[in-house]
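Fold and contact review
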Amino acid sequence: MSQSNIPVNEIYCSLVDKADKKFSKIKNLPYYERNRYDTYFCKVFKVYTQLWKFQQENRQKLVEAGLKRWEIGEIASRIAQLYFGQYMRTGEASYLLESFIFYEAVLFREYFKEGLFQDVNLANKQLRFLARFITVCLVLNRREMVHQLVNQLTVLLDECKRTFQETDFKEWKLVVQEIVRFLKADSAYINIRPLRYSIVLDLHPDLLPQVAAYDGKKNLRLRDAILSTFHLNEVKYSELTLDAFRMLQCLEWEPSGSFYQASGIPLSSTSTTIGQNGGGPGPSRINYSQDITDPTLPPNPRKAVLYHPSATHLLAVLATISEELSPDGVILIYLSASGTDGQAMPSLSSANISENMIRNFRSHSISTSNPSSSHSDGDHKICLYMGTRRNGGLNCIYPCDLIPFTRRPLLIIIDSDGSKAFKAIKGAEKGEPAAILLSPCSSPPIHHASGSLFTMFLTSPLQAFYLLLGFSGSDSEMGLCHKAEKLLSASLNDWGLTLAASDNLDPLWARLLSDPFIRRLLLRYIFCWAVLTLYAPTFGKEEFFPECMPALPESVQPTSVSSQNLVFQLANIFGATQSFIFSEGIVLPKHIHIEEDPV
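What you see is a predicted model, and the numbers here were worked out from it, not measured in a lab.

1. Section: the overall build of the protein
Within the protein, the regular secondary structure consists of 18 helices and ten strands. Considering the protein as a whole, with its 599 residues, one finds that 56% of them fall into the buried category. Taking contacts inside the protein between residues at least 6 apart in sequence as the whole, the part at least 24 apart equals 77%.

Structure (structure tokens):
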């Protein structure tokens with residue numbers, strides 16, 4: 001029998017069944033089977049493209065045969081899920097945009113509205129759709145849409161609880177609580193600049209100062225990153241924790257101009273089609289298509305965001321990435337988790353600052369060089385708990401777990417109270433020296449706590465600075481923040497030039513500085529190091545200082561004049577110079593005029 005003789009609804013049902021089976025398979029493919037996933041994605045997407053096109057071309061016949069609007073919405077939602085999953089695995093912004101377009105189509109066409117309160121299964125489909133669309137809008141930095149969707153989710157949940165009284169919606173109540181908590185924690189961020197790398201605000205990669213290659217070795221580029229966090233009661237939404245969310249964006253290019261789109265544009269002002277692979281008029285939206293990619297910029301690094309992974313899963317992902325890494329590539333490993341071995345860390349309030357220590361510092365006789373790389377036996381027992389401790393060693397990551405992967409270039413960032421144990425990696429590498437950034441073992445208390453302070457310094461340093469000082473980032477402080485942002489950006493660029501010109505720069509950092517993402521992380525680390533070293537409540541207490549290996553030149557250490565001048569000028573903008581301890585003779589440069597506005 002030819003296909004032309006087969007009823008339309010039978011062809012449609014066959015395509016739906018085929019698409020469902022392939023979708024189920026791709027959902028369960030692990031991160032460490034990346035090549036298989038990429039191949040399978042093309043197959044799954046091809047089936048859904050056929051299904052989408054078929055229902056468009058035969059819409060009237062299918063409706064007459066009983067096709068429901070929610071079934072069309074289900075297809076569009078699945079396509080959006082496919083796009084977002086591919087974005088999370090590849091980092092390609094175009095996939096994120098396409099996911100947004102399809103989800104927005106479902107929202108504005110109200111595919112799930114008909115019969116919503118007559119069928120609890122349909123109500124759950126709408127709830128799941130809203131929850132997934134919120135994630136896409138968060139990552140795309142569409143905060144107005146996020147708040148609109150959260151309101152819709154809350155109202156819908158209340159209606160569902162009244163309509164379907166025999167159904168337990170406890171899990172959906174937790175989803176609403178998660179997103180509300182997430183937005184509240186992230187609200188401390190003032191939108192002065194995006195978390196992503198913006199060539200409007202940051203140096204274009206072609207303009208970065210060049211560092212001479214050492215021993216004929218080529219410069220390295222960030223190609224892949226593993227981002228994983230676990231803390232009890234951590235701020236998260238779905239499987240995206242706040243710290244992973246910030247690091248995810250920090251390692252991507254900002255679509256040119258999209259962050260600066262004028263808000264309040266009527267959603268009905270323009271029209272578009274549903275995706276590049278779909279047809280028919282779509283809902284109205286702000287047009288990102290012209291800005292989402294820039295052919296002059298390299299692709300985003302690929303990222304694996306692992307939520308509460310087992311040790312074997314994380315190491316399997318790392319092994320796959322190492323095997324596929326290009327010759328000029330470097331892997332970033334970001335792990336944020338508790339790492340204490342049961343011994344309490346010194347409390348910030350348990351010790352007072354010695355007057356003799358302050359006097360010695362001001363006379364330049366105190367040393368702030370990196371502590372010795374020797375390790376106590378206790379350090380080797382410390383691990384990072386990437387899951388609940390009741391699972392024993394299944395979720396534990398030890399420093400020795402990462403050493404076999406140092407056959408490839410690694411940048412390891414450990415944000416933990418047990419971070420110092422990972423100094424054991426230095427000197428034990430198996431082929432390539434590892435660059436390591438370690439958080440302080442203790443963190444000073446801050447108001448409006450929202451995620452890790454160390455990660456905040458790496459992703460949004462100015463916000464970390466004013467939150468450390470106890471400011472809320474209110475509208476009345478916006479003028480001060482813009483002034484501080486200009487000063488900080490200029491100073492970080494100066495440090496970049498200083499490092500590039502330094503004769504004492506370690507060859508490994510010289511190879512890494514040509515990568516814009518790594519360069520920015522390193523410069524922000526230097527700022528964090530200076531601030532926490534000079535901050536009065538943490539002054540002289542090494543447990544509150546971050547560490548860096550290989551060591552950095554003295555010209556950018558906290559006791560350097562340039563470091564102290566920057567912290568002094570920033571503190572002066574906020575009227576908080578008394579919160580820091582500086583060497584004698586540190587004053588505002590004569591050519592700098594900054595009004596001391598009361599805060």
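2. Quick word on empty space enclosed by the protein
Using the criterion set out here, one finds four cavities of 30 Å³ or more in the structure. By volume, the largest cavity is sized at about 250 Å³. Taken together, 23 residues line the largest cavity, and the ones lying closest to its centre are Arg-193, Asp-202, Leu-492, Arg-520 and Arg-524. Secondary-structure elements contributing two or more residues to the lining of the largest cavity are α14 (461-468), α15 (478-501) and α17 (516-534).

3. Side note on the pairing of strand β8 (residues 410-415)
Strand residues, when the strand is regular, have side chains that alternate between the two faces of the sheet. The element β8 is largely enclosed, with a buried count of six among its six residues. Side chains of β8 alternate between two faces, with Leu-410, Ile-412 and Ile-414 and Leu-411, Ile-413 and Asp-415 buried alike. Direction of pairing for strand β5 (residues 329-337) relative to β8: parallel, over a ladder of six bridges. The residue of β8 that forms the bridge with Ser-336 is Asp-415. Bridge analysis of β8 against strand β9 (residues 435-438) gives four bridges, and the strand direction is parallel. Bridge pairing in β9 links Ile-412 to Ile-436.

4. Considering the layout of surface pockets
Of the volumes computed, that of the largest pocket is approximately 1300 Å³. Gln-81, Phe-84, Arg-132, Ser-238 and Glu-239 are the residues nearest the centre of the largest pocket, which is lined by 34 residues in total. Contributions of two or more residues to the lining of the largest pocket are made by α1 (8-27), α4 (69-90), α6 (120-139), α8 (170-186) and β4 (302-307). Per element, the largest residue contribution to the lining of the largest pocket is six residues, and it comes from α4. Within the lining of the largest pocket, the residues separate by chemical class into 21 nonpolar, six polar and seven charged.

5. What to know about the packing of α15 against helix α18 (residues 561-573)
Interaxial distance between α15 and α18 falls to 10 Å at its minimum, and their mutual angle equals 175 degrees. Comparing the axis directions of α15 and α18 gives the class roughly antiparallel. Judged by residue contacts, Leu-480, Lys-483, Ala-484, Leu-487, Leu-488, Ser-491 and Trp-495 of α15 engage Ser-562, Ser-563, Leu-566, Gln-569, Leu-570 and Ile-573 from α18. Across the contact of α15 with α18, the residue classes break down as eight nonpolar, four polar and one charged.

6. What to know about the packing of helix α5 (residues 93-109) against helix α7 (residues 143-163)
Between α5 and α7, the shortest axis-to-axis distance is 13 Å and the interhelical angle comes to 45 degrees. Between α5 and α7, the crossing angle belongs to the class labelled oblique. The element α5 and its partner α7 pack so that their crossing is left-handed. Listed contacts from α7 to Phe-100, Glu-104, Leu-107 and Phe-108 of α5 are Met-145, Gln-148, Leu-149 and Gln-152.

7. Overview of the pattern of salt bridges
Overall, the coordinates contain 18 salt bridges when judged by the stated rule. The shortest N-O distance in the salt bridge between Arg-78 and Asp-20 comes to 3.0 Å. Residue Arg-78 is found in helix α4, and its partner Asp-20 is found in helix α1; the two are separated by 58 residues along the sequence. Relative accessible area serves as the criterion here: at 31%, Asp-20 is assigned to the partly exposed category. Between Asp-158 and Lys-161 there is a salt bridge; the shortest N-O distance is 3.9 Å. Of the two residues, Asp-158 and Lys-161 are both situated in helix α7; the distance of three residues between them amounts to about one turn of the helix.

8. Some details on the confidence of the model for the protein
Summary statistics for the protein give a mean pLDDT of 83 and a share of 81% for residues scoring 70 or more. Below pLDDT 50 for its whole length, residues 593-599 participates in 13 contacts with residues either more than four positions away or in separate chains.

9. Structural notes on α4
Between its first and last C-alpha atoms α4 spans 32 Å; for 22 residues at 1.5 Å apiece the expected length is 32 Å, and the two agree. Counting buried positions over the 22 residues of α4 gives 18, a clear majority of the element. One or two positions beyond α4, positive phi appears at Gly-91, with a value near 80 degrees.

10. Considering the sheet that holds strand β10 (residues 547-549)
Remark on secondary structure: sheet strands pair via backbone hydrogen bonds, oriented parallel or antiparallel. The strand order β4-β1-β5-β8-β9-β10 describes an open sheet built from six strands, whose pairing is mixed. Single-partner strands in this sheet number two, and they are β4 and β10. Neighbour-to-neighbour, the strand axes of the sheet open up by a mean angle of 10 degrees, direction not taken into account. Bridge count between strand β1 (residues 221-230) and β4: six bridges; the pairing is parallel. Note that in β4 the partner of Ile-226 across the bridge is Ala-304.

Rules and cut-offs
Residues numbered from 1 in each chain as written. Predicted model: local features only at pLDDT ≥ 70, side-chain atom pairs only at ≥ 80, totals over all residues. Heavy atoms only, no water. Helix = DSSP H or I, 4+ residues; strand = E, 2+ residues; numbered from the N terminus. Buried < 20%, exposed > 50% of the residue type's maximum accessible area, 1.4 Å probe, protein only. Contact = heavy atoms within 4.5 Å. 1 Å grid on protein atoms, 1.4 Å probe; cavity = no way out; pocket = protein on both sides within 12 Å on 5 of 7 lines; lining within 4 Å. Points joined across faces, edges and corners; volume = space filled by probe spheres on them. Pairing = 2+ DSSP bridges. Nonpolar A, V, L, I, M, F, W, Y, C, P; charged D, E, K, R; others polar. Axes fitted to C-alpha atoms, helices over the stretch in contact; angles between N-to-C directions. Parallel < 35°, antiparallel > 145°, perpendicular 65-115°, else oblique. Left-handed = near helix turned anticlockwise from the far one by under 90°. Salt bridge = Lys/Arg side-chain N within 4 Å of Asp/Glu carboxyl O. pLDDT = per-residue confidence, 0-100. Expected span 1.5 Å × (residues − 1).

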